[in-house]
Amino acid sequence: MITLNDIRKQYSMGPTTVTALGGVSLKIDSGEYLAIMGPSGSGKSTLMNVIGCLDTPDSGSYVLAGEEVGGLQRDDLAEIRNRHVGFVFQVFNLLPRATALENVELPLIYRGIAAGRRRREALQMLEQVGLADRVDHLPSELSGGQRQRVAIARALIGNPSVILADEPTGALDTATGLEILSLFEQLNHSGVTVILVTHDHDLATRAPRVVQLLDGTVTSDDRVGNAAGRSSRQPEASRCE
Amino acid sequence: MRVVANLIMLWENAAMSVRSILSNRARSFLTALGVIIGVASVITLTALGQGARVSVEQRMSTLGANLLIVYSGEPRGTSLVRPRTTNIRPTLTGEDLALITSLGEELVVSTAPESALSGQLKFRTRNTAATVIGTDPHYPEIRNFHPTYGSFFTSADMEQRRNVVVLGIQTYRDLFPDGADPLGESVRINGFPFRVIGIMEEKGSPSQDASAIIPFSTYRRSLSGEDRYAMINVQATSPEVMYELQDRIEQELLSLRGLPSMELADFYVANQMDLIGTVTEVADTFTLLLGGIAAISLLVGGIGIMNIMLVSVAERTSEIGIRMALGAKSSHLMTQFLTEAVILSAGGGIIGVGLGYALAWGVQQFGGLLTLVTPEAVAVAFSFAAFTGLFFGVYPAYRASRLDPIEALRHE
């Protein structure tokens, strides 16, 4: 469902050119749960931006849900993000003046869906993440874990092809982080494709598939035998080139 | 389907804008204040201008409706109210008067000849100077100047050259300071005894209030010895025929005198329409000027809106980033911020209209100036305000819509 083929991306920082992605190829199937791991500067943020259609690669092909994203313009990218990508950020990125419900509704507003249906679906999503009793709270009235749940509900609402979570537990304490993580796992069990971007080894290795990134290239792509299993925590080395 | 989605977006934008405006009430109010003051001042100042126009028109009509005055002497301007009404060398004859009257009832309602001189009035030991006017019984009707007490003289008084006088209110007050009933009392005018038969209403004009009005026949025999008239008041049937009537009078009197053109005439015709035209023109210019000054303040208000919108876009960079990540297109963000600017300015416009009405009312109530709020002024001020928001909102909205989503998300 996601096919990246030789994706390259460079940034010029003053006089020097930095290679953020130096030919990344990756294939992610529908229903997968995968972690992209790497230290800061490894290019994982750039890769996430490319997968999330916030950024376009300099070269290479990226096919998302059957559509080549490569040469698309801003507004087309916005539409693809709206339909196919659900973002979950480290700092939640909720609109501070909107209630939980209104935050969750937001993607459907940009899809032009009428208020009644939007509200119904948003309520349903909030219920799914266990916040049925917090719908009218502002983000400032919610705990960190609850805010992240709102963000997850918002990411889920449009029924996107992929949930893209960037350090989703980074701003949470360990226990809450684990709760959020198990929410992702639970969602994955029900068929949602989840991509987790993190630098945290423990977090990453909970995923059945771990892609290691270093200096803009994939250094390892490890799969745990059964896609659903999370029992094994040690990464098996199996290069995928 | 696309149209429905767009309509939904528009509605959502309005709702989002209102929420964002309300969440920052103090700032929103201060932002809109420029527009509020601008709109209110446009409305108040044009109301003052139009009020001045109306009050001038009202004053004009107190001179008498559809009034033409044929004056003796060389033409000088078109002034209906001359600084000096007494001691004009009279050149208008009874023949002239008859000619004008005979122009027909489709043009002329009635005519009243008039001459005046400065006279000395005496009642017992009291003395006063007054404009002594000799005229005929049509005078009150034509000049819209009626007795407030007693009555005006009649055709019989005129024919029999009775020594009767109607006093102007000021003259009455000078001669009867204790407020005594003057009817039947004998007043001396330049030594001749006259019986008081009425008091004229107050007009606020010295030449009319400090007057003593007597039949022209008596005036000629006792005071002036001159049978020509200084002026002839003519009441036209309607405002529409006034220029036609003026033309006819000029032609008839010229041909009676065997003169080729008005340049050589010993009379001239003052037309009320000219005066009203001049005065309302001045009032309209005044209105335009005031409105223009107020419009500048509206412009400044618009710049204030742009300023705040730019700050708002900068402040809400991360919000913009979030919206972009969730699928907002450039047009969505553009309309969101534009809607916000327009709601601020249109909201300010509505408050401004209310304030403008209140101020105009206040000025009239407590400042004693007549004000008139015209629907045109309200419409122009309001739409200008809304347009200001649109115009000055474009640049900040464009900035918002062009942000890089990654940069915007990273912001803060």
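Residues numbered from 1 in each chain as written. Chains lettered and ligands numbered in written order. Predicted model: local features only at pLDDT ≥ 70, side-chain atom pairs only at ≥ 80, totals over all residues.

A. Structural context of the overall build of chain B. Looking only at helices and strands, one finds 14 helices and 10 strands in chain B. Here chain B holds 412 residues, and the buried ones make up 44% of them. Long-range contacts, defined as pairs at least 24 residues apart, comprise 84% of the intrachain contacts of chain B with a sequence gap of at least 6. (Helix = DSSP H or I, 4+ residues; strand = E, 2+ residues; numbered from the N terminus. Buried ≥ 20, exposed ≤ 12 C-beta atoms within 10 Å, placed from the backbone. Contact = placed C-beta atoms within 7 Å.)

B. Structural context of the overall build of chain A. When its secondary structure is counted, chain A shows 7 helices and 10 strands. When contacts within chain A are restricted to residue pairs at least 6 apart in sequence, those whose partners lie at least 24 apart make up 67%.

C. Representation of helix α5 (residues 144-156) of chain A within the structure. Residues and elements named next belong to chain A. Between the first and last C-alpha of α5 there are 18 Å, a value that for 13 residues agrees with the 18 Å anticipated at 1.5 Å per step. Of all 13 residues in α5, 11 are buried; the element is thus mostly enclosed. All of the buried residues in α5 are Gly 145, Arg 147, Gln 148, Arg 149, Val 150, Ala 151, Ile 152, Ala 153, Arg 154, Ala 155 and Leu 156. Where α5 is buried, its residues touch β6 (85-88), α3 (100-110), α4 (115-128), β7 (162-166) and α6 (174-189). (Expected span 1.5 Å × (residues − 1).)

D. Quick look at the sheet that holds strand β10 (residues 217-223) of chain A. Residues and elements named next belong to chain A. Spatial ordering of the open sheet is given by β6-β7-β8-β3-β9-β10, a layout of 6 strands whose pairing is mixed. Because the sheet does not close on itself, it has two edges, and the strands there are β6 and β10. Taking the axes of each pair of neighbouring strands and ignoring which way they run, one obtains an average angle of 20 degrees across the sheet. In the sheet, strand β9 (residues 209-214) pairs with β10 via 6 bridges, with the strands oriented antiparallel. Residue Leu 213 lies in a different strand from β10, and its bridge partner there is Val 218. (Pairing = 2+ DSSP bridges. Axes fitted to C-alpha atoms, helices over the stretch in contact; angles between N-to-C directions.)

E. Fine view of the nonpolar core. Ranked by size, the top nonpolar core spans 123 residues in total, and within it Ala 153, Ile 163 and Ile 195 of chain A together with Val 39, Ile 43 and Ala 381 of chain B carry the most contacts. Ignoring sequence-local partners within four residues, the contact set of Val 39 of chain B consists of Leu 298, Gly 348, Gly 349, Gly 352, Val 353, Gly 356, Ala 381, Phe 382 and Ala 385 of chain B. Ranked by size, the runner-up nonpolar core spans 53 residues in total, among them Val 164, Val 187, Ile 189 and Ile 199 of chain B. (Core = buried A, V, L, I, M, F, W, Y, C linked by C-beta atoms within 7 Å.)

F. Layout of the sheet that holds strand β1 (residues 2-13) of chain A. All names here are of chain A. Judged by pairing direction, the sheet is antiparallel, and its 4 strands sit side by side in the order β2-β1-β4-β5 without closing on themselves. Looking along the sheet, the strands with just one partner apiece sit at the ends: β2 (16-28) and β5 (67-68). By the bridge criterion, 5 bridges tie β1 to strand β4 (residues 59-64) in an arrangement that is antiparallel. Its bridge partner being in β4, Leu 4 is matched across the sheet by Tyr 62.

G. Geometry of the interface of chain A and chain B. In this assembly, 20 residues from chain A lie in contact with 20 residues from chain B. Of all the secondary structure elements, the ones that give two or more residues to the side of chain A that touches chain B are α2 (74-84) and α3 of chain A. The element contributing the most residues to the side of chain A that touches chain B is α2 of chain A, with 6 residues. Of the residues contributing to the side of chain A that touches chain B, the split by class is 9 nonpolar, 4 polar and 7 charged. (Nonpolar A, V, L, I, M, F, W, Y, C, P; charged D, E, K, R; others polar.)

H. Spatial organisation of the pairing of strand β3 (residues 33-37) of chain A. All names here are of chain A. Where burial is concerned, most of β3 is hidden: 5 out of the 5 residues are buried. Because side chains alternate across β3, one face comprises the buried residues Tyr 33, Ala 35 and Met 37, and the other comprises Leu 34 and Ile 36, equally buried. The sheet contact formed by β3 and strand β8 (residues 194-198) spans 5 bridges and is parallel. Bridging from a neighbouring strand, Leu 34 pairs with Ile 195 of β8.

I. Fine view of the confidence of the model for chain A. Within chain A, residue pLDDT values average 88, and 93% of them lie at 70 or more. Counting contacts from residues 226-241 of chain A, a segment whose pLDDT is below 50, to residues more than four positions away or on other chains yields 18 contacts. (pLDDT = per-residue confidence, 0-100.)

J. Summary view of unusual backbone geometry. Unlike most non-glycine residues, Cys 53 of chain A shows phi in positive territory, near 60 degrees. Here Cys 53 of chain A is to be found in the loop between α1 (44-51) and β4. Taking the number of C-beta atoms within 10 Å as the measure of exposure, Cys 53 of chain A has 24 and is therefore buried. For Arg 124 of chain B, which is not glycine, the phi torsion reads 50 degrees and is therefore positive. By secondary structure assignment, the location of Arg 124 of chain B is in the loop between β2 (108-123) and β3 (126-135). With 11 C-beta atoms counted inside 10 Å, the residue Arg 124 of chain B sits in the exposed group.

K. Seen up close, the pairing of strand β1 (residues 67-72) of chain B. Residues and elements named next belong to chain B. Most of β1 sits inside the fold, with 5 of its 6 residues counted as buried. As paired strands, β1 and strand β9 (residues 231-236) are joined by 5 bridges and run antiparallel to one another. When the bridges of β9 are listed, Leu 68 appears paired with Val 234.

L. A look at the packing of helix α2 (residues 25-62) of chain B against helix α12 (residues 330-367) of chain B. All names here are of chain B. At a minimum axis distance of 6 Å, the contact between α2 and α12 shows a crossing angle of 40 degrees. With respect to their mutual orientation, α2 and α12 come out oblique. Considering only the axes of α2 and α12, their crossing is right-handed. Looking at side-chain class alone, the contact of α2 with α12 contains 16 nonpolar, 10 polar and no charged residues. (Parallel < 35°, antiparallel > 145°, perpendicular 65-115°, else oblique. Left-handed = near helix turned anticlockwise from the far one by under 90°.)

M. Main features of the packing of α12 of chain B against helix α13 (residues 375-401) of chain B. Residue and element names in this part refer to chain B. Put simply, α12 and α13 touch, their axes get as near as 7 Å, and they point 150 degrees apart. When the axis of α12 is compared with that of α13, the two are roughly antiparallel. Crossing handedness for the pair α12 and α13: right-handed. Tallied by class, residues from the contact of α12 with α13 come to 21 nonpolar, 9 polar and no charged.

N. Summary view of the environment of Ala 314 of chain B. All names here are of chain B. Tracing the chain through its elements places Ala 314 in helix α10 (residues 272-315). Classification of Ala 314 as partly exposed rests on a count of 13 C-beta atoms within 10 Å. Separated by 97 residues in the primary sequence, Ala 314 and His 411 place their C-alpha atoms 9.8 Å from one another.

O. The arrangement of the confidence of the model for chain B in detail. Of the residues in chain B, 96% reach a pLDDT of 70 or more, and the chain-wide mean stands at 87. Here the prediction assigns the complex a pTM of 0.70, and the interface score ipTM is 0.89.

P. How the structure looks around the environment of Gly 198 of chain B. All names here are of chain B. With respect to the helices, strands and loops of the structure, Gly 198 is situated in strand β7 (residues 192-200). Judged by the 21 C-beta atoms lying within 10 Å of it, Gly 198 falls in the buried class. As for Gly 198 and Ile 169, which are separated by 29 residues in sequence, their C-alpha atoms are 9.7 Å apart. Not counting residues within four places of it along the chain, the set of residues in contact with Gly 198 comprises Pro 147, Tyr 149, Gly 150, Ser 151, Phe 152 and Val 166.

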